[in-house]
Structures are given as structure tokens and as C-alpha cells.
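This is what each chain is made of:
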Amino acid sequence: PKLEKPSQWCGVSFQPADWSTMLEIAGAAAECMKQKYNVIMIPHHTQIFAVLMFAVRACGVNDKSEKVLAASLPKTMLARVGTGEGKSLIIGMLAAFVAKKGLRAHVINDQRVLTKRDYDTNAAL
């Protein structure tokens, strides 16, 4: 579905172009999973919801027009994602969104094996 007008959360606008970017990233994530598991796997609804909420927050980073960050945006956001619910894919999709917004995304992990696995899986995003 096409987003016709900006959506707002805490004074931050999530533009139709942002929605298009999210759809593009979700499609790329599904393709990454297809490459890895040889079956079409679209991102789970909890993954998409978590990425959307963090993506809207990321949209407010450069919005200084009404002092959105100081006034209403949370400085810290947490998402509770259970074991096996795809934290790595959520992080990969969010990093892709942040990069497409022209911001830097830093992903830190202290497990070398997981770092390599996740990089290999999410590099196409």
C-alpha cells in the first residue's frame, strides 16, 4: 500500500518516501533470507514493527525545525525481541534505513561468529 501523506509520531514526520524505503529494505531482507535458506521468508510482523518505530525515531535525528529532539523524542528506545525472533535482521534492516537517510549506522557485537554470520547475511541490504 502507498502512504499518501506523512505520518507523525512525537512531532517527527515519516514521509511517503520513508515508507517506500522501508518496503525496499523489507524486500531486500526477504531476498537475503531466500539466498540463505533457499525459501522465500518475508520479515515477521514483529521485526517490521520494531524497525518502523526505530526508523521513525531515526527520521527525527536531522529535524531541528521545532526542536523535536529536545521536546518530545525519546533519547533512548528499547525493543524487546525474544530468542529466535530475528534481532539480527531487525538490526540489519534498521542499519540499511539509517544509511539510506544519509546517516551513519554503527553495529557492535562482541561475538565474532555472529558478527561474520550477520554481516554475510545482511550485506545485500
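Rules and cut-offs
- Residues numbered from 1 in each chain as written.
- Predicted model: local features only at pLDDT ≥ 70, side-chain atom pairs only at ≥ 80, totals over all residues.
- Heavy atoms only, no water.
- Helix = DSSP H or I, 4+ residues; strand = E, 2+ residues; numbered from the N terminus.
- Contact = heavy atoms within 4.5 Å.
- Areas by Shrake-Rupley, 256 points an atom, 1.4 Å probe, with all protein chains shown as cover.
- Buried < 20%, exposed > 50% of the residue type's maximum accessible area, 1.4 Å probe, protein only.
- Core = buried A, V, L, I, M, F, W, Y, C linked by side-chain atoms within 4.5 Å.
- Axes fitted to C-alpha atoms, helices over the stretch in contact; angles between N-to-C directions.
- Parallel < 35°, antiparallel > 145°, perpendicular 65-115°, else oblique.
- Left-handed = near helix turned anticlockwise from the far one by under 90°.
- Nonpolar A, V, L, I, M, F, W, Y, C, P; charged D, E, K, R; others polar.

Caption draft 1: View of the overall build of the protein. Scanning the protein from terminus to terminus reveals five helices and two strands. The long-range fraction of contacts in the protein, counting pairs at least 24 apart against all pairs at least 6 apart in sequence, stands at 67%. Total accessible area on the protein is roughly 8600 Å²; 58% of this is exposed by carbon and sulfur atoms.

Caption draft 2: Broad picture of the side chain of Gln47. Relative to the helices and strands, Gln47 resides in helix 2 (residues 45-59). When its relative accessible area of 7% is taken as the criterion, Gln47 is described as buried. Apart from residues lying up to four places away in sequence, Gln47 is in contact with Glu85, Gly86, Leu89, Ile90 and Met93.

Caption draft 3: Quick peek at the environment of Leu125. With respect to the secondary-structure elements, Leu125 resides in the segment after helix 5 (112-122). For Leu125, a relative accessible area of 19% translates into the label buried. Placed 31 residues apart in sequence, Leu125 and Leu94 show a C-alpha to C-alpha distance of 9.7 Å.

Caption draft 4: Up close: the environment of Glu4. Position of Glu4 relative to the elements: it lies in the segment before strand 1 (7-9). Put simply, Glu4 and Trp19 are 15 residues apart on the chain and 9.9 Å apart in space, counted from C-alpha to C-alpha.

Caption draft 5: Fine view of the nonpolar core. Core analysis: the biggest nonpolar cluster contains 24 residues, and Phe14, Met22, Met93, Phe97 and Leu125 have the highest contact counts within it. Contributions of two or more residues to this core are made by strand 2 (12-14), helix 1 (16-37), helix 2 and helix 4 (87-100). For this core, the leading source of residues is helix 2, giving eight residues. Setting aside chain neighbours within four positions, we find Leu125 in contact with Ile25, Ala28, Ala29, Cys32, Gly92, Met93 and Ala96.

Caption draft 6: Structural detail: the packing of helix 4 against helix 5. Where helix 4 contacts helix 5, the two axes come as close as 10 Å, and the packing angle between them is 55°. The orientation of helix 4 relative to helix 5 falls into the category oblique. Between helix 4 and helix 5 the crossing geometry is right-handed. Together, Ser88, Leu89 and Gly92 of helix 4 and Arg117, Asp118 and Asn122 of helix 5 make up the contact between the two elements. Among the residues making up the contact of helix 4 with helix 5, the classes are represented as one nonpolar, three polar and two charged.

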